[in-house]
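One letter stands for each residue in the lines below.
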Amino acid sequence: MLLTLAWGALFFPGLFALCTWALRRSQPGWSRTDRVMISTRLVSSVHAALATGSGIVIVRSCDDVITGRHWLAREYVWFLIPYMIYDSYAMYLCEWCRTRDQNRAPSLTLRNFLSRNRLMITHHAVILFVLVPVAQLKQQHTLLYKVNGILTLATFFSCRILLFPFMYWSYGRQQGLSLLQVPFSIPFYCNVANAFLIAPQIYWFCLLCRKAVRLFDTPQAKKDG
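For clarity, every value in this text was computed on a predicted model and none was experimentally measured.

1. With respect to the UniProt feature "signal peptide" (unreviewed entry) in the chain
No. 1: The UniProt record annotates "signal peptide" (unreviewed entry) at residues 1-17.
No. 2: Between the end C-alpha atoms of residues 1-17 the distance is 25 Å, and the span holds 94% helix and 0% strand.

In structure tokens form, the structure reads like this:
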């Protein structure tokens, strides 16, 4: 646990520093802003590759998608903590580089950064202060965990499933069509493509619902037993 945390704390800032150093040596004509932008994107890409690879390993190693466990899932949470902290700083550094020629006060730069990146900062804060404690402290029985599960279901349904009928409704409103008329008024391949896109979303939502049912049924089942 602590070793994984330490590795993450060294890996992400170290990779950023190494990348900026290499760019300064190999591309002397580039500005500091260019080096910072490229370096932050490289580190983000490396993290994305590591997260994707870890996900593939975990999925292929677990037979049960609901109850399956893998050590990598637990350890990667600790590896994720330093990245979230690093990424928050990296986003601010990019904002500072982008606006430093405007001679802004540091406090104004910080306010603009927080205003422009509200959703991303919230995303990082929720992962650090909600999801990480929930995942590590095994507080599945607490009210916070259950509320988080309900919010996950609601946001998943709203953003990944209702998105498709919303697109059809928006197109229908623009063209003066009812929602039921839209599928017959657009090219067939559009409907097929949307069906392929929404099918896995519905499947994953069903898995989330099954897990939620198990979560809320567990205390009652134990009581009845």
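2. Brief notes about the packing of aromatic side chains
No. 1: Applying the stated criterion across every chain yields a total of eleven aromatic pairs.
No. 2: Measuring from centroid to centroid gives 5.1 Å for F12 and F79, while their planes differ by 50 degrees, and the two rings are tilted. You can see F12 sitting in helix α1 (residues 2-26) and its partner F79 sitting in helix α3 (residues 71-99), a full 67 residues away along the chain. Exposure class is identical for F12 and F79. Each is buried.
No. 3: Ring geometry for Y76 against F79: centres 5.7 Å apart, planes inclined by 55 degrees, an arrangement best described as tilted. Taken together, the positions of Y76 and F79, both in helix α3 and three residues apart, correspond to about one turn of that helix.
No. 4: For F79, a relative accessible area of 15% puts it in the buried group.
No. 5: Of the aromatic side chains, those joined through ring pairs into one cluster are F11, F12, F16, Y76, F79, Y83 and Y86.

3. Focus on the side chain of E75
No. 1: By the element assignment, E75 lies in helix α3.
No. 2: A polar side-chain atom of E75 sits 2.5 Å from a polar atom in the side chain of T4.
No. 3: In contact with E75, not counting residues within four places along its chain, are M1 and T4.

4. Quick look at the environment of T40
No. 1: Here T40 is to be found in helix α2 (residues 32-61).
No. 2: When its relative accessible area of 7% is taken as the criterion, T40 is described as buried.
No. 3: Sequence separation between T40 and C19 is 21 residues, and the spatial gap between their C-alpha atoms is 8.8 Å.
No. 4: A distance of 2.8 Å separates a polar side-chain atom of T40 from the backbone oxygen of M37.

5. Re the packing of α1 against α2
No. 1: Where α1 meets α2, the axes come as close as 9 Å, and the angle between the chain directions of the two elements is 140 degrees. The angle between α1 and α2 falls in the class oblique. In terms of crossing hand, the pair formed by α1 and α2 is right-handed. Residues F11, F12, L15, F16, C19, T20, L23 and R24 of α1 lie in contact with α2, whose contacting residues are R35, V36, I38, S39, T40, L42, V43, V46, H47 and L50.
No. 2: Its residues assigned to classes, the contact of α1 with α2 comprises twelve nonpolar, four polar and two charged.

6. Concerning the nonpolar core
No. 1: In terms of nonpolar packing, the biggest core is built from 16 residues, with F12, F16, V36, V43, Y83, Y86 and L93 touching the most fellow members.
No. 2: Elements that contribute at least two residues to this core include exactly α1, α2 and α3.
No. 3: The element that contributes the greatest number of residues to this core is α3, accounting for ten residues.
No. 4: The residues contacting Y83, other than those within four sequence positions of it, are F12, V43, S44 and H47.
No. 5: Ranked by size, the runner-up nonpolar core spans seven residues in total, among them F156, F164, I198 and A212.

Cut-off values and rules
- Residues numbered from 1 in each chain as written.
- Predicted model: local features only at pLDDT ≥ 70, side-chain atom pairs only at ≥ 80, totals over all residues.
- Heavy atoms only, no water.
- UniProt positions renumbered as here; feature names shortened; annotations may be inferred.
- Helix = DSSP H or I, 4+ residues; strand = E, 2+ residues; numbered from the N terminus.
- Phe/Tyr/Trp six-rings, centres within 6.5 Å; stacked < 30°, edge-to-face > 60°.
- Buried < 20%, exposed > 50% of the residue type's maximum accessible area, 1.4 Å probe, protein only.
- Polar contact = N/O pair within 3.5 Å; in protein donor to acceptor, adjacent residues only side chain to side chain.
- Contact = heavy atoms within 4.5 Å.
- Axes fitted to C-alpha atoms, helices over the stretch in contact; angles between N-to-C directions.
- Parallel < 35°, antiparallel > 145°, perpendicular 65-115°, else oblique.
- Left-handed = near helix turned anticlockwise from the far one by under 90°.
- Nonpolar A, V, L, I, M, F, W, Y, C, P; charged D, E, K, R; others polar.
- Core = buried A, V, L, I, M, F, W, Y, C linked by side-chain atoms within 4.5 Å.

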